[in-house]
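# Commentary on secondary and tertiary structure
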Amino acid sequence: LQGEAGWGSEQPGMVESVPDFNSFVTRTNTCGELRSAHVGQKVTLYGWVQYQRQGLFLVLRDFQGLTQVIIPQDEAHSHLKELLSSAPLESVVRVTGTVSPRPLGQENPKMPTGDIEVKAETAEILNSCKKLPFEIKDFIKKSEALRMQYRYLDLRSPRLQSALRLRSRLVMSMRQYLCNLHGFVDVETPTLFKRTPGGAKEFLVPSREPGKFYSLPQSPQQFKQLLMVGGLDRYFQVARCYRDEGSRPDRQPEFTQIDIEMSFVDQAGIQRLVEGLLQHSWPEERGSIMTPFPSMTYEEALAEYGTDKPDTRFGMKIVDISDVLRGSGVHFVQNALSYPHGSIRAICIPQGVKYLTNKDLESLKESHCTDHALTFSQEIMEIIRKPDGSLKSLLTKFLGEKEKSELIQALNMQEDDVVLLAAGEHKQCCALGALRLLSANLLEAAGLALRDPTAFHFLWVVDFPLFLPKAENPTELESAHHPFTAPHPSDASLLYSDPTKVRSQHYDLVLNGNEVGGGSIRIHNAEQQRFVLEKVLKEDSEVLSHLIEALELGAPPHGGIALGLDRLISLIVDAPSIRDVIAFPKSFRGRDLMGNAPDYVTPEELEPYHIQVSWPLEEKEAKKN
Ligand code: ASP
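Residues numbered from 1 in each chain as written. Predicted model: local features only at pLDDT ≥ 70, side-chain atom pairs only at ≥ 80, totals over all residues. Heavy atoms only, no water.

## Quick notes on the pairing of strand E16 (residues 418-424)
The side chains of a regular strand alternate between the sheet's two faces. Burial analysis of E16 places seven of its seven residues in the buried class, which makes it a mostly covered element. Burial along E16 is two-sided: Val418, Leu420, Ala422 and Gly424 facing one way and Val419, Leu421 and Ala423 facing the other are all buried. Here strand E14 (residues 381-385) runs beside E16; their pairing, made up of four bridges, is antiparallel. When the sheet's bridge partners are listed, Glu382 is paired in E16 with Leu420. (Buried < 20%, exposed > 50% of the residue type's maximum accessible area, 1.4 Å probe, protein only. Helix = DSSP H or I, 4+ residues; strand = E, 2+ residues; numbered from the N terminus. Pairing = 2+ DSSP bridges.)

See the structure below:
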C-alpha cells in the first residue's frame, strides 16, 4: 500500500523554485511533505482517508502524497479513536498531531514520508464519504465508461494527478519561453465565429437571428493571420479548438493547441522556434531531447514508411524491389510493373519466424484487405529465410539464384526473417506501412524489444503536396493542410498550370509516429489566395472576403504552427489515450458521461433560435413510451 506507485514520486522538472503549497490555507503541511527534519513539530494535515487499519493507524492522502497517522489508544483519547477508526475510506479529514520518528525497523523506504508518522491529538471528519462505487486504487481496472462517469473520483488517482500537473508545468514553461524569452503576445481569439471553408467539419451554434448560426472555429487560423495583419508580430495562444468529426478513436470534439504565428518568418525559423520551445519546456524527468530534429520529405516518408507520420524508432523500412524482380516471369510482377507508377515493395520482419505465429502471419496478410485495398487484387506475399539460408515462398520457384541473392541483399534478410511483399501503384506503400506497425506490435507482444519505450523521436515532415485528390472524389482537389498554405517558392508558377504538382510550405511535426504539430508559411497575396480558393478548391471565396481584403491592406509575410497539446502530453507521459491527459474528456461518441451532455432542451428553449427538432421516427416512438 505505502509504496503505491506515483504518490510523491514525481519531481517537478520544469519549475525553478518549489511552490508554497501551504500559503493561504489552514494546514501546516501537505501529506507528502513531512520528513525526519520535522520530528517534534505540531502539524495540521488535511486529506482523504486512503487506508485504515484496525483502529491503530490510518493513511491520509492529498495531491502530494501519503502520511501515516497513528491513532492514540489510551482511554483519554477514546473519542478520537472512535472518530478516526470509523471514518469511511475517502472521507475528508483534518488531523492535528505531532511528527514522530517511526519505531526502529518500521520505516518504509518506498514512501517519501516513510521515516515519520503523525501522532494524532485532535481530528475532525469534514465530510464522511458514502459507499464508493469502487475503490480509488482499483479504478484503473474498471471500465473507462464508469471511470468517466465518476471522473472526479478518477482524478484522485496518481496517474491523472501527475499527468495534469505535468501538463500545467509544461504549459507554464512554454509561456515563459514564448512570452518572456521571445516576445510573443498571448492573445485570446473568439470561439463564436463563422464557417471556415476547406477544413474539418465545424460545430454550429444557433443565434437569435433566424437561420443564422455561428461556428466554433476548428482552429484560430483566420484570427492568427489577421493578428499579423494587425501588426502583433508574434502571437501565441493555448487555444481550444472544436471539430465535429463524429466518433473517432482517440479524438476529442474539443481539444487544445499551442497555437503560434509570426511575421517575417520562413519554414526554418518556425522549426527552430518549435525545437527551442520543446527543449525548454521538456520535463526533466523524461530525459533531454536533441535538436535540430531530423527532417524528411513527404515523398520519402511515404516511400520508406508508407505514412506521412513515420515512427522512426525502428527500421523495417519499405524497400522497392521492382528491379530485382523485373526479369522474373511472375505474372503479378509483370502486371504491376506495366503500370506507370507500378512497383513491387516489401518489408523485412526481423526474426519473424521465431516471434510470429502462423496465425499472426495470416492476420497480418489479411489485415491489409480491410484498410488498404491493393490494386490488381493482389495478395500480400510472404518470403521466409530459413536457418540454412535458403528462401521459402510461393515465389521462389520462379526466381533464379541471382535474383534470390539480390533479394536477400536488397532486404538485408537474415536467417528466420520474414518478408512481406506487395505490388501496386501507390497504395501498397500505405498497406506495407500499416503492416510494418502491426508487425512491430506483434513482435513486441511476443517479447522482442524493438522500440525503446523511453525514447522520443521527433521528426519534421516537409515538402507536402499543396493539394491532394479528395478521397470521395479524386477528380477534385483539397488542401493537404489548409487553403491558406503558401506554395513552395520553386513550384509557385505550377500553381496556375498544374496545381497537382505543387509542393507546399507546409511542415508537420511527428513524434514516435504521431502527428503532434502542423503548420505552414501562409499565402499573403490576395490574388493568389483568391485563385486557390476559387479556381483550385472551387470554394466560395465570399465567405473569406474579410481575410482576402486584409491581405490587400498591408499584410506582412507570415507563417505559423499549432502543436496538439493533448497528444503531446499523452506521449510524454506514455498514456494510452489523450483522454488520460484531459481533466474532463468526452467519450468515443463525443458525450460527457458524467454530466450527460449533450442533453435535450425544451421546445420553449429552442424558440428564441427559431429552431425545431425533427425527431427521427424511432426516437419519437421512444419518447412517447
Ligand atoms: N491551424 C492549423 C491547424 O490547426 C495550424 C497552422 O497552420 O498553424 O492544423
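## Some details on the environment of Asp233
One can find Asp233 in the loop between helix H5 (221-229) and strand E9 (234-242). Asp233 sits 47 residues away from Asp186 along the chain, and the two C-alpha atoms are 11 Å apart.

## Side note on the site of the ligand
The environment of the ligand is formed by 13 residues, the closest being Gln221, Lys224, His481, His482 and Arg522. Between a nitrogen atom of the ligand and a side-chain N or O atom of Ser219, the distance comes to 3.0 Å. Contact distances for the ligand include 2.8 Å between an oxygen atom and a side-chain N or O atom of His482. Summarising the interface, the protein chains cover 90% of the accessible area of the ligand, which totals 270 Å² for the free molecule. Elements represented by at least two residues in the shell around the ligand include exactly H5, strand E21 (514-521) and strand E22 (558-564). Broken down by element, the residue count for the shell around the ligand peaks at three residues, all from E22. (Near = heavy atom within 4 Å. Polar contact = N/O pair within 3.5 Å; in protein donor to acceptor, adjacent residues only side chain to side chain. Areas by Shrake-Rupley, 256 points an atom, 1.4 Å probe, with all protein chains shown as cover.)

## Looking at the sheet that holds strand E4 (residues 92-101)
Strand order around the closed barrel formed by five strands is E1-E2-E3-E5-E4, with mixed pairing between neighbours. Each strand axis lies, on average, 55 degrees off the axis of its neighbour in the sheet, ignoring direction. Alignment of strand E1 (residues 42-53) against E4, held across seven bridges, turns out to be antiparallel. Its bridge partner being in E4, Tyr46 is matched across the sheet by Arg94. (Axes fitted to C-alpha atoms, helices over the stretch in contact; angles between N-to-C directions.)

## So, the nonpolar core
Of all hydrophobic cores here, the largest spans 49 residues; its most connected members are Ile260, Leu278, Phe458, Leu509 and Leu563. Counting residues per element, this core draws most heavily on helix H4 (residues 158-182), which supplies seven residues. Dropping the residues within four chain positions of it, Leu563 is found in contact with Met174, Thr256, Gln257, Ile258, Val274, Leu277, Leu278, Leu509, Val516 and Gly517. Residues Val330, Ala346, Cys348 and Leu411 belong to the second largest nonpolar core, which totals 23 residues. (Core = buried A, V, L, I, M, F, W, Y, C linked by side-chain atoms within 4.5 Å. Contact = heavy atoms within 4.5 Å.)

## Description of empty space enclosed by the protein
Applying the stated rule across the entire model yields one cavity of 30 Å³ or more. Lining the largest cavity, in full, are Met148, Arg151, Phe584, Pro585, Asp592, Leu593 and Met594. When its residues are assigned to classes, the lining of the largest cavity shows five nonpolar, no polar and two charged. (1 Å grid on protein atoms, 1.4 Å probe; cavity = no way out; pocket = protein on both sides within 12 Å on 5 of 7 lines; lining within 4 Å. Points joined across faces, edges and corners; volume = space filled by probe spheres on them. Nonpolar A, V, L, I, M, F, W, Y, C, P; charged D, E, K, R; others polar.)

## So, the sheet that holds strand E15 (residues 391-392)
The strand order across the open sheet built from five strands is E12-E13-E16-E14-E15, with neighbouring strands paired in antiparallel fashion. Lying at the two open borders of the sheet, with one neighbouring strand each, are strand E12 (319-320) and E15. Bridge count for E14 against E15 is two bridges, and the pairing is antiparallel. Note on E15: the bridge partner recorded for Ile384 is Lys392.

## Description of the packing of H5 against helix H16 (residues 545-552)
It is the contact of H5 with H16, at a shortest axis distance of 10 Å, that shows an interaxial angle of 25 degrees. Comparing the axis directions of H5 and H16 gives the class roughly parallel. For the element pair H5 and H16, the recorded crossing hand is left-handed. Within the contact between the two elements, H5 uses Gln222, Gln225, Leu226 and Val229 and H16 uses His546, Leu547 and Ala550. Of the residues assigned to the contact of H5 with H16, the class counts are four nonpolar, three polar and no charged. (Parallel < 35°, antiparallel > 145°, perpendicular 65-115°, else oblique. Left-handed = near helix turned anticlockwise from the far one by under 90°.)

## Details of the environment of His482
Within the fold, His482 resides in the loop between strand E19 (477-479) and helix H14 (494-497). Its relative accessible area of 13% is what places His482 among the buried residues. A distance of 3.4 Å separates polar atoms of two side chains, one belonging to His482 and the other to His481.

## What to know about the pattern of salt bridges
As enumerated under the stated definition, the model contains 39 salt bridges in all. Ionic pairing is found between Asp498 and Lys501, a salt bridge with its closest N-O pair at 3.0 Å. Judged by relative accessible area, Asp498 falls into the partly exposed class, the value being 24%. Through salt bridges with shared partners, one network takes in Arg147, Arg151, Asp154, Arg159 and Asp580. (Salt bridge = Lys/Arg side-chain N within 4 Å of Asp/Glu carboxyl O.)

## Some thoughts on the side chain of His558
Within the element layout of this structure, His558 appears in strand E22. A polar atom in the side chain of His558 sits 3.0 Å from the side chain of Gln225. With sequence-adjacent residues up to four places away left out, His558 is seen in contact with Gln225, Met228, Glu261, Met262, Ser263, Phe264, Ile521, Arg522, Ile523 and His524.

## A short note on helix H15 (residues 526-536)
Here H15 has its buried residues at Ala526, Gln528, Gln529, Val532, Leu533 and Val536. For H15, the secondary structure elements touched by its buried residues are strand E18 (467-469), E19, H14 and H16. For H15, the N-terminal cap is Asn525; the gap from its side-chain oxygen to the backbone nitrogen of Glu527 is 2.9 Å. Following H15 by one or two positions, Lys538 adopts a phi angle in the positive range, close to 55 degrees.

## Here we look at the domain arrangement of the chain
Taken domain by domain, the chain holds domain 1 (36-131), domain 2 (161-296 + 458-581) and domain 3 (314-445). Here the C-alpha centroids of domain 2 and domain 3 sit 37 Å apart. (Domains from an automatic or database assignment.)

## Things to note about the side chain of Gln257
Summarising the element assignment, Gln257 is placed in strand E10 (residues 254-263). The exposure class of Gln257 is buried, given its relative accessible area of 9%. When near neighbours in sequence (up to four residues on either side) are disregarded, Gln257 contacts Ser219, Pro220, Gln237, Val238, Ala239, Cys241, Arg243, Ala562, Leu563 and Leu565.

## Thoughts on helix H13 (residues 427-445)
One full turn of an α-helix is made of 3.6 residues, so residues set three or four places apart face in the same direction. Taking 1.5 Å of rise per residue, 19 residues should cover 27 Å, and H13 covers 27 Å from first to last C-alpha, within 8% of that figure. Where H13 ends, the next residue or the one after it, Gly447, has phi of about 105 degrees, a positive value. (Expected span 1.5 Å × (residues − 1).)

## Notes on unusual backbone geometry
At the junction of Thr291 and Pro292, the peptide bond is cis and its omega measures out at -10 degrees in the coordinates. Position of Pro292 relative to the elements: it lies in the loop between helix H6 (267-281) and strand E11 (295-297). In this structure, the amide linkage connecting Ala597 to the following residue, Pro598, adopts the cis form with an omega of 0 degrees. Non-glycine residue Asp574 carries a positive phi angle of around 55 degrees. Residue position: Asp574 is located in the loop between helix H17 (565-572) and helix H18 (603-606). The exposure class assigned to Asp574 is exposed, which follows from its relative accessible area of 58%.

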